[in-house]
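A structural walkthrough
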Amino acid sequence: MIDKTLNWFDDRLGTAKGGRSFLDKIFPDHWSFMLGEIALYSFIILLGTGVFLTLYYVPSAHEIVYHGSYVPLRGQNVSEAYGSTVGLSFDVRSGLLMRQAHHWAADIFLGAIAVHMARVFFTGAFRKPREFNWIVGVIMLILGILNGFLGYSLPDDLVSGTGIRIAFSIVESIPVVGSYLAFFLFGGNFPGSGVIIPRFYVIHVLIIPAILVGLLAAHLGLLIKQKHTQFPGKGRTEKNVVGSPMFPNFIAKTTGFLFMSFAVIFLLGGFAQINAIWQFGQYQPFQISYAVQPDWYMGWLDGAARIMPAWEWVGWGHTIPLEIFLPAVIFPGLIFNILIVWPFIESIWTKDHEYHNLLDRPRDRPKRTAAGAAMLTLLFGVFFASSTDVMANFFQLPLMDVLWFFRFFVPLAPIVAYFLTFKICNEMRVAEGIGKRKRALIVERSTEGEYTTTEAPVRPGDGHEEIDAIPVPTFIDTTDPSLATAAGVRRVIR
Amino acid sequence: MDDPHLQPLAKNPKRMEAIAALSMVVGMAGFVAFIFAYWVNASTQWEALTLGIGMAGLGAGTIAWGKYLMPPGPFVEERHDFHSTDDERTAMNAAITGRGGIEVKRRKMLLGIFAVGGGIMTLALLIPGVRSLGPKPAKSEDTQGSTEDSLFTTNWKKGSKLVTVGGRPVKVDDLDVGGVLTVFPQGFEGSSPDQVILLRLADLGPNDPPYPLSSPGRTEWGVQGYVAYSKLCTHLGCPVGLYQQKTQQLVCPCHQSIFDVNAGCIPQFGPAPRPLPQLPITVDPTGQMRANGSFDQAVGPGFWERP
C-alpha cells in the first residue's frame, strides 16, 4: 500500500531520487544545533496562537464603553483595540492562555534567534558558502524585532501606547523627511487620525509574517542544499557530514523537541503572567506609568536613548535631534549593517576565500571571538541601561550616578571585553588538556609515611572510542551479504 | 544485524521502550485532562498545566524513542561541490554576456527607454502608495491649521480656559502649594499636543507680584504662584508625569530627563535637549484660570523644520 502510494507520486513527480537523499540527510549531533529549532518552533506557536487572536481582536481606535467581565474597567471608555484585547483575555475561553503563550513565544523566538546567531558567529558557521544564509537570518532577526514591537503595540494599553508615541518621535527625528514620514505613517500629528492601530495590525499579521515565512523557507532550503556544518572529530572532514539521518532519527528527536518547546511556552503562558494590560489601563496620551520598559528585544534601543547626552543640533533654521537620531536610528542601523556584512569583512580581512564546513572552536579564532564578545558587551550594556530607574531604586543610588556609570560603561566595557576575551582565548589555546575531562589522581600514604600518586581508573565514557561512520543503510532487502561491501549496494538489515 | 551502528543506544531497550511508552501515555492523559479542564471551564493555570503535561509527555517519549531506540550510527554523507565545472561556467557567462551584449549593442535606445519607463512606473506607483497615507506637515508656525496637520500649533489661544481632562474649569484656589494638575484648553480635553502641567509653587495672592522663579523676562507668565508648562517631554514626547516636590523637579519616566521647575523647566539632566515650553497664564475676575497667549515655540521633541 505504501509502496503503491510512493510509486504513484514518483510516476508523476519523480520524488524517489531526491526524496531518498532527503531522508538520508545527515544532521550532526550537537546541542548547539537545537537553538535554531527553538526559534522555528516558537514561530509555529506564534502563527497558531496568532491566528486564534485575530479571530477576537478588533484593530480599531474607535471608542466604546467596556462591558466585559473585568469589573474595574466596567463603564469606562476604551478603544475597541484595548477592549477586545481585555475581552479575549477574560471572556474568550482559553483566550488568556493563547494570548500569553503568543507573547512568550515572541520573546523566546527572538531570544532563540539571538543565541542561535551567537552560535553561528562564534563557531564561524557563516563563512563561505553560507554567507547568504547568515544574511537571511539577520533580516529575519530585524523583521522579528520589528514585528514584536508592532505586536505588543496592538493592545493600545498605557505602556505600549507610550512606545508608539516614542516611535512617532523617532521617525520625526530623521533629518529632512522625518516629519513627513511620521505624518504619513500616523495619518497626521500624533496620535494621528486613528489609523495607526489598523496599519500596525495589517503589517503585524500579514506583511511581515508573509515575508518571514518566505525567508524561513529560504533559510531551511539553503540549509538542505548546503548541508550542515559540523565540529571537527573522528572521521569528520570538509567533504562529509557525520551524524544521524533525517529519517527516522532526526524526525523523531526534533518532533519530540517541538512538543517540548510547545510545552514550555504554554506552561509559561499559563503560569507566568506577561503584559497584564488590564492593570496598565487604556492608553491616554497625557498619562504615563513609572518604570516603563519595552519587551527585552527593544531594551537595547531604549537604553541607548537613555544614556545619550542631549546633543541637539540647531542651525540655519533647522534642527537635527541628534539625541534621538543617533541612538534610535543610526545606532541600530550600524549594528544591523555590521552584522550583515560581517562574513565579507572577515573573509577580506583574513584573505580566506575557501569553503568551510568544519566549525571553529571559538578560542581558536581569538580575534573573531573577541569582536563578538565586544559586540555582546556593547548590546548588553545598553540593554541594562534601559533600566537605570529601576536599578537606582533597587540599589538606592542616585539616578544620575547610575546614568553616568552607563555613559562610561557602554563605550568602554566593549574595549575591555575585547582584550580580555582575546587574552583568555590565547591562554586557553596554549593550556594543555583544556576542555577535556581530567583523570583524577589518587594520593596514597604508605605505613612508612611515604606518599605515592597513581592515576584513577578510567571512568565510564573517558575511554570512549567513537566508531567509524557508515553511509545510511536504506534498502531493506535480501541482497547477498557478500555483495554488501560492493559499491552502490547497501547492506541488509532485516 | 549485530552492527554497532544499528544497535540502540539504550542498554536495556525493552525498559527504554516501556519508559517512552509510559511518557507518551502520560502525555495522552494530559491532553484528555486538558479537554476536561476546558469542558468544566477550569482556570488558565489548569489549561496550561494539562496542555504542558500532554506536550512534554508526548515530546519526551518521542525524543527517547529517537535518541535511545533508533539506530544511532554515526552515519556519514558525502558533500558535493557547489560550483559547476569550468565549461559550464564559461557557457553560462557567455550566454549572458554574449547574447545580452549583442542585444544591448543593437538596441541601445530601446533599452534606455525601457529603463526610464520602468523608473517612471515605479515612481508613479509610489506616489499614491506613500502620499495617500497622511497629510503633509504644515510648514511653519503661522499656519492656521489644526494640530492634526502641524507640529507647530496647539489649541491654546489667548483666553483659553484651563480645564481638567474631565472638562471641569480650573479655578485659582483649586491647588495647594506643591500641587500639580494636567490641564487642557477647554474643548480639547485629552488632546496630546495640548497637554499642560499646571503647578502651584508658592502661596501668592492677587496683590503679590507674579511668581518670580521663572526664566528672565517671563515673570509675568505665571500668576499667583502658578506656572504652566507643556507636559510633552522635549526628548521623545512622553508625558513628563513625575513631579518631585522636594527637589522641585519634573521627571520624565520614559528616559529620565529631569527639568528644573524653579528655573523655567530647563533640562537639568538626561537626554532632553530643551526646556519644556512655558504657557503664559492668567486669572480672570471670576477666579477662572486662562491662557494668556499660546506657546512661543513648537512643543514636544525636535524635528528638522523646527527653527
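These numbers come from a predicted model, not from an experiment.

This next bit is on the sheet that holds strand E1 (residues 75-78) of chain B. One open sheet holds the four strands; their spatial order is E1(A)-E4(A)-E1(B)-E9(A), and the pairing between them is mixed. The sheet is open, and its two edges are formed by strand E1 (26-27) and strand E9 (470-471) of chain A, each paired on a single side. Summarising the sheet, strand E4 (residues 240-245) of chain A and E1(B) pair through four bridges and their orientation is antiparallel. Of the residues in E1(B), the one forming a bridge with A:Val241 is B:Glu77.

The next thing to look at is the pairing of strand E4 (residues 196-200) of chain B. Within a regular strand, the side chains alternate between the two sheet faces. All names here are of chain B. The element E4 is extensively covered by neighbouring structure, given that five of its five residues are classed as buried. Neither face of E4 is open: one carries Val196, Leu198 and Arg200, the other Ile197 and Leu199, and all of them are buried. Looking at chain direction, E4 and strand E5 (residues 226-230) are connected through five bridges and run antiparallel. Along E5, the bridge assignment pairs Arg200 with Tyr226.

Tallying the contact residues gives 86 residues for chain B and 97 residues for chain A. For the pair chain B and chain A, the summed buried area comes to about 7900 Å², and 65% of that belongs to carbon and sulfur atoms. Looking only at chain B, the three residues that lose the most surface to chain A are B:Phe75, B:Arg79 and B:Trp304, adding up to 12% of its buried area. At the boundary of chain B and chain A, one finds two salt bridges. When the shortest N-O distance is used, the salt bridge between B:Arg274 and A:Glu312 registers 2.8 Å. Connecting chain B to chain A are 30 residue pairs in polar contact (both at pLDDT 80 or more). Residue assignment for the side of chain B that touches chain A shows that the elements contributing at least two residues are helix H1 (13-39), helix H2 (44-69), E1, helix H4 (108-131) and strand E3 (180-185) of chain B. A total of 16 residues in the side of chain B that touches chain A trace back to one element, the largest contributor, which is H2(B). For the side of chain B that touches chain A, the per-class residue count stands at 44 nonpolar, 26 polar and 16 charged.

With that settled, consider the side chain of A:Glu346. Residues and elements named next belong to chain A. Mapped onto the fold, Glu346 is located in helix H13 (residues 322-350). When its relative accessible area of 11% is taken as the criterion, Glu346 is described as buried. Reaching out from Glu346, the side chain makes a polar contact with the side chain of Arg368 at a distance of 2.8 Å. Apart from residues lying up to four places away in sequence, Glu346 is in contact with Phe126, Arg127 and Arg368.

Residues and elements named next belong to chain A. Under the counting rule described, the total for this entry stands at 18 salt bridges over all chains. For Asp364, the salt bridge goes to Arg429, with nearest N and O atoms at 3.9 Å. Taken together, the residues Asp364 in the loop between H13 and helix H14 (366-385) and Arg429 in helix H16 (residues 399-430) connect sequence positions 65 residues apart. Under the relative-accessibility criterion, Arg429 is labelled partly exposed at 43%. Across the salt bridge formed by Glu427 and Lys423, the nearest N and O atoms sit 3.4 Å from each other. On the criterion of helical spacing, the pair formed by Glu427 and Lys423 is a turn pair, its members being four residues apart in helix H16. Overall, the relative accessible area of 44% leaves Glu427 in the partly exposed class. For Lys423, a relative accessible area of 51% gives the class exposed. In this structure, a network of salt bridges that share partners links the residues Arg127, Glu346, Asp360, Arg365 and Arg368.

Whether parallel or antiparallel, the strands of a sheet pair through hydrogen bonds between backbone atoms. Here four strands make up an open sheet; going across it, the order is E2-E3-E4-E5 (chain B) and the pairing antiparallel. Two strands bound the open sheet, and with one partner strand each, they are strand E2 (162-163) and E5 of chain B.

A separate point is the domain arrangement of chain B. Along its sequence, chain B is organised into domain 1 (4-69), domain 2 (86-131) and domain 3 (154-307). A straight line from the C-alpha centre of domain 2 of chain B to that of domain 3 of chain B covers 60 Å.

With 94% of its residues at a pLDDT of at least 70, chain A reaches an overall mean of 89. Low confidence marks residues 484-494 of chain A, where pLDDT is under 50. Its contacts with residues over four positions away, or in another chain, come to 23 contacts.

With that out of the way, let us pick up H13(A). All names here are of chain A. With 29 residues, H13 should reach 42 Å at 1.5 Å per residue; the first-to-last C-alpha distance of 36 Å falls well below that figure. Its maximal kink placed at Val341, H13 deviates by approximately 55°, while the proline Pro343 follows within four residues. A positive backbone phi angle near 55° is found at Lys351, which sits one or two residues after H13.

Rules of the game
Residues numbered from 1 in each chain as written. Chains lettered and ligands numbered in written order. Predicted model: local features only at pLDDT ≥ 70, side-chain atom pairs only at ≥ 80, totals over all residues. Heavy atoms only, no water. Pairing = 2+ DSSP bridges. Helix = DSSP H or I, 4+ residues; strand = E, 2+ residues; numbered from the N terminus. Buried < 20%, exposed > 50% of the residue type's maximum accessible area, 1.4 Å probe, protein only. Contact = heavy atoms within 4.5 Å. Buried area = accessible area lost by both parts, 1.4 Å probe. Salt bridge = Lys/Arg side-chain N within 4 Å of Asp/Glu carboxyl O. Polar contact = N/O pair within 3.5 Å; in protein donor to acceptor, adjacent residues only side chain to side chain. Nonpolar A, V, L, I, M, F, W, Y, C, P; charged D, E, K, R; others polar. Domains from an automatic or database assignment. pLDDT = per-residue confidence, 0-100. Expected span 1.5 Å × (residues − 1). Bend = angle between axes of the 7 residues up to and from the residue.

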